[in-house]
Amino acid sequence: MVSFSRRDFLGKGIGCIGASLAVSNSWARATTSVFLNDPDIIIELTAKEVTRNIDPNTSAKFWSYVGKVIRGPKETLGPSNGSYLGPTIEVKTGDRVKIIFKNSLPEKSIIHWHGLDVDHKNDGHPSLAINPNGEYVYDFVVENRAGMYWYHPHPHGRTGFQVYQGLAGLFIVRDRVEESLNLPNKEQELRFVVQDRFFNDQGELEYRPSMMGAFGDKLLINGKLERKIKVKKGLYRIRLLNGCNARVFNLALSHGEEIKQIGSDGGLLEKTNKLTNFFFAPAERVDIVVDFSAYSEGEVITLEGLPLVEGRGKKYSVVEFEVTNEVGQSFSEPTGLAAYKRILPQEATNFSNPKVFELVPKRGLGWTINGHGYEPNAFEDNEIIKFGDTEVWEFYNPTGMPHPMHIHGTQFQVLKRLPGQLTGCLDSGWKDTILVMPGDRVQVLKRFNTYKGIFLYHCHNLEHEDMSMMRNFKII
Ligand SMILES: [Cu+2]
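Keep in mind the model is a prediction, meaning the values are calculated, not measured.

**Topic: the overall build of the protein chain**
When helices and strands are counted, the protein chain shows 6 helices and 29 strands. Once the C-alpha set of the protein chain is aligned to its principal axes, its extents read approximately 60 × 60 × 50 Å. For the protein chain, the exposed area adds up to about 19,100 Å²; of that, 50% sits on carbon and sulfur atoms. When the 56 positive and 57 negative side-chain charges of the protein chain are each reduced to one mean point, those points stand 3 Å apart.

**Thoughts on the domain arrangement of the protein chain**
Examined at the domain level, the protein chain breaks down into domain 1 (7-174), domain 2 (186-327) and domain 3 (345-475). Together domain 1 and domain 3 conceal approximately 2,000 Å² of surface at their shared face, both sides included; 57% is due to carbon and sulfur atoms. Inspection of the region where domain 1 meets domain 3 yields 0 salt bridges. For the side of domain 1 that touches domain 3, the elements supplying multiple residues, two or more each, are α3 (26-31), β5 (111-114), β7 (147-153) and α4 (159-164). Looking at the side of domain 1 that touches domain 3, the element that brings in the most residues is α4, giving 4 residues.

**Focus on the packing of aromatic side chains**
Applying the stated rule across the entire model yields 27 aromatic pairs. Both rings, one in Phe357 and one in Trp393, keep their centres 4.7 Å apart while their planes meet at 45 degrees; by these two values the pair is tilted. Taken together, the residues Phe357 in strand β20 (residues 355-362) and Trp393 in strand β23 (residues 390-396) connect sequence positions 36 residues apart. Just as Phe357 is buried, Trp393 falls in that class too. Among the aromatic side chains, those forming a connected cluster through ring pairs are Tyr65, Phe101, Trp113, Tyr136, Tyr138, Phe140, Tyr151 and Phe171. Across from the ring centre of Tyr396, 3.9 Å away, lies the NZ or CZ of Arg441, which sits over that ring.

**Observations concerning the side chain of Ser264**
Position of Ser264 relative to the elements: it lies in strand β14 (residues 259-264). In this view, Ser264 contacts Leu269, Arg285, Ser428, Trp430 and Lys431; residues no more than four positions away in its chain are not counted.

**Re empty space enclosed by the protein**
In this structure the tally under the stated criterion is 2 cavities of 30 Å³ or more. Looking at the largest cavity, its volume works out to about 60 Å³. Forming the boundary of the largest cavity are 13 residues, of which Gly409, Thr410, Thr450, Tyr451 and Ile475 lie nearest the centre. Elements with a contribution of two residues or more to the lining of the largest cavity: β27 (441-447) and β29 (470-475).

**A few points about the nonpolar core**
If you look at the biggest cluster of nonpolar residues, it comprises 31 residues, and the most contacted ones within it are Ile89, Ile99, Trp113, Tyr138, Phe140 and Phe171. Within the residue set of this core, elements represented by two or more residues are β1 (41-55), β2 (58-71), β3 (89-92), β4 (96-103), β5, β6 (135-141), β7 and β8 (169-174). A per-element tally of this core places β1 first, with 4 residues. Formed by 29 residues, the second largest nonpolar core is a distinct cluster that contains Val231, Phe249, Val290 and Ile301.

**Some thoughts on the coordination of the copper ion**
Octahedral six-donor coordination of a metal ideally yields angles of 90 or 180 degrees, compared with 109.5 degrees for tetrahedral four-donor coordination. Ligation of the copper ion by protein atoms is provided by His403 (ND1), Cys459 (SG) and His464 (ND1), these donors lying 2.0 to 2.1 Å from the ion. Look at where the donors of the copper ion fall in the sequence and you get H-x55-C-x4-H. Of this pair, His403 sits in strand β24 (residues 403-407) while His464 sits in helix α6 (residues 462-466); the two residues are 61 residues apart in sequence, bridging distant segments of the chain. A single burial state applies to His403 and to His464, both of which are buried.

**Here we look at the side chain of Asp196**
Assignment of secondary structure puts Asp196 in strand β9 (residues 189-197). Owing to a relative accessible area of 1%, Asp196 belongs among the buried residues under this scheme. A polar atom in the side chain of Asp196 sits 3.1 Å from the backbone nitrogen of Gly216.

**A few points about unusual backbone geometry**
Residue Leu418 is joined to Pro419 through a cis peptide bond whose omega torsion reads -10 degrees. With respect to the secondary-structure elements, Pro419 resides in the loop between β25 (413-418) and β26 (433-436). Even without a glycine there, the phi angle at Asn133 is positive, about 70 degrees. Within the secondary structure, Asn133 is located in the loop between β5 and β6. Positive phi, normally seen in glycine, also occurs at Asn370, with a value near 55 degrees. The partly exposed category is assigned to Asn370, whose relative accessible area is 31%.

About the thresholds
Residues numbered from 1 in each chain as written. Predicted model: local features only at pLDDT ≥ 70, side-chain atom pairs only at ≥ 80, totals over all residues. Heavy atoms only, no water. Helix = DSSP H or I, 4+ residues; strand = E, 2+ residues; numbered from the N terminus. Areas by Shrake-Rupley, 256 points an atom, 1.4 Å probe, with all protein chains shown as cover. Lys, Arg positive; Asp, Glu negative; His and termini not counted. Charge placed at Lys NZ, Arg CZ, Asp CG, Glu CD. Domains from an automatic or database assignment. Buried area = accessible area lost by both parts, 1.4 Å probe. Salt bridge = Lys/Arg side-chain N within 4 Å of Asp/Glu carboxyl O. Phe/Tyr/Trp six-rings, centres within 6.5 Å; stacked < 30°, edge-to-face > 60°. Buried < 20%, exposed > 50% of the residue type's maximum accessible area, 1.4 Å probe, protein only. Lys NZ or Arg CZ within 6 Å of the ring centre and 35° of its normal. Contact = heavy atoms within 4.5 Å. 1 Å grid on protein atoms, 1.4 Å probe; cavity = no way out; pocket = protein on both sides within 12 Å on 5 of 7 lines; lining within 4 Å. Points joined across faces, edges and corners; volume = space filled by probe spheres on them. Core = buried A, V, L, I, M, F, W, Y, C linked by side-chain atoms within 4.5 Å. Donors = N, O, S within 2.8 Å, 3.2 Å for Na, K, Ca; no water. Polar contact = N/O pair within 3.5 Å; in protein donor to acceptor, adjacent residues only side chain to side chain.

Below is the structure:
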């Protein structure tokens, strides 16, 4: 449990004037990057090759972020538990964080803080990738509300490979609103990074990219093959990241139990959203509560993967929860969660004329957006946005493959999904990645009001992204 001190809202060791500049002041953000205070937290993250056991008998070589805390609470970095995943970073809204990234890989890399609203130079744009043995220093104030964000590499053309090698980690943000809700915590707050990987006969990780993406025949949870978890009788908060390169899941609970969604990419919803199943695309996060109180000792409740299309394929187990005879801490199911302001469609400057981004393959380029591949220095007219504007963007997918679209910068909201024949798309709350199913048109409302500069939007099927389904947009 994170405790909140005065510094959360006042900055560190400075008066109110300094704090108002450093924390949550859009004027300060837009006009200056000069901080008046020292970072609350300084950490070092080194990307390097490591050997990790994915079960007690199997070890393999991975690439991993290895971290250390230089300043701030040592709990800022969670334990690695022998996983290849990078340490879970845990901070509070308003913290100023300095991260020293060291590249000990044999190729260029850069880190993107997925879902965090930071300026261009802190966003891990591919143009900022550093050479082997290079160093890049990030320095930003965490402006996002409480939520489960994550970090991963973003060098153009190599993101899929580097993530598949193991480079990824969770970035948890806490705030006072979340704390006041008394949601299940400590042992009863579980976080799972779900990934698939292929290992060859020698037990080595094998990356097999194709037009469909790179998949695996083994599922891993938090970098381990063990997917059975013991739970006490009680209410649990379960937070999931789809950390796969390309796999889209359709998840449901066995026993036909209703899924109670409390949060999305950008943190808590206003109220619980009840689902029978949900589609879960690469880079999306979901926050659910599950009550194991009524089950008897030894009973197993499974988070199951269902076929994406009914009747095509078998269901499989993703995580199994085995109920013990122990009774957990008592938490009650939340009624109201965290209120937030809806973006009104009328706020959008192009409300009656959405910008349409068609997700299509093109001969010679691979996957594209509106027929354009990634161009580091070119912008279409619809990729130039006036600072302060709100816009409607429509992603249209005429292909047979799902495309999870991610937009850097501020979190957005879903306006509508057409024809939206599938139920269970995670469209509620604040989003940074939206699944565009075959045939769907998804309209999102986004504010471009925090930083000027160049940012990315792209498919988060990482092989699609590397094959150039990625573009820049510029806020001027
Ligand atoms: Cu795609």
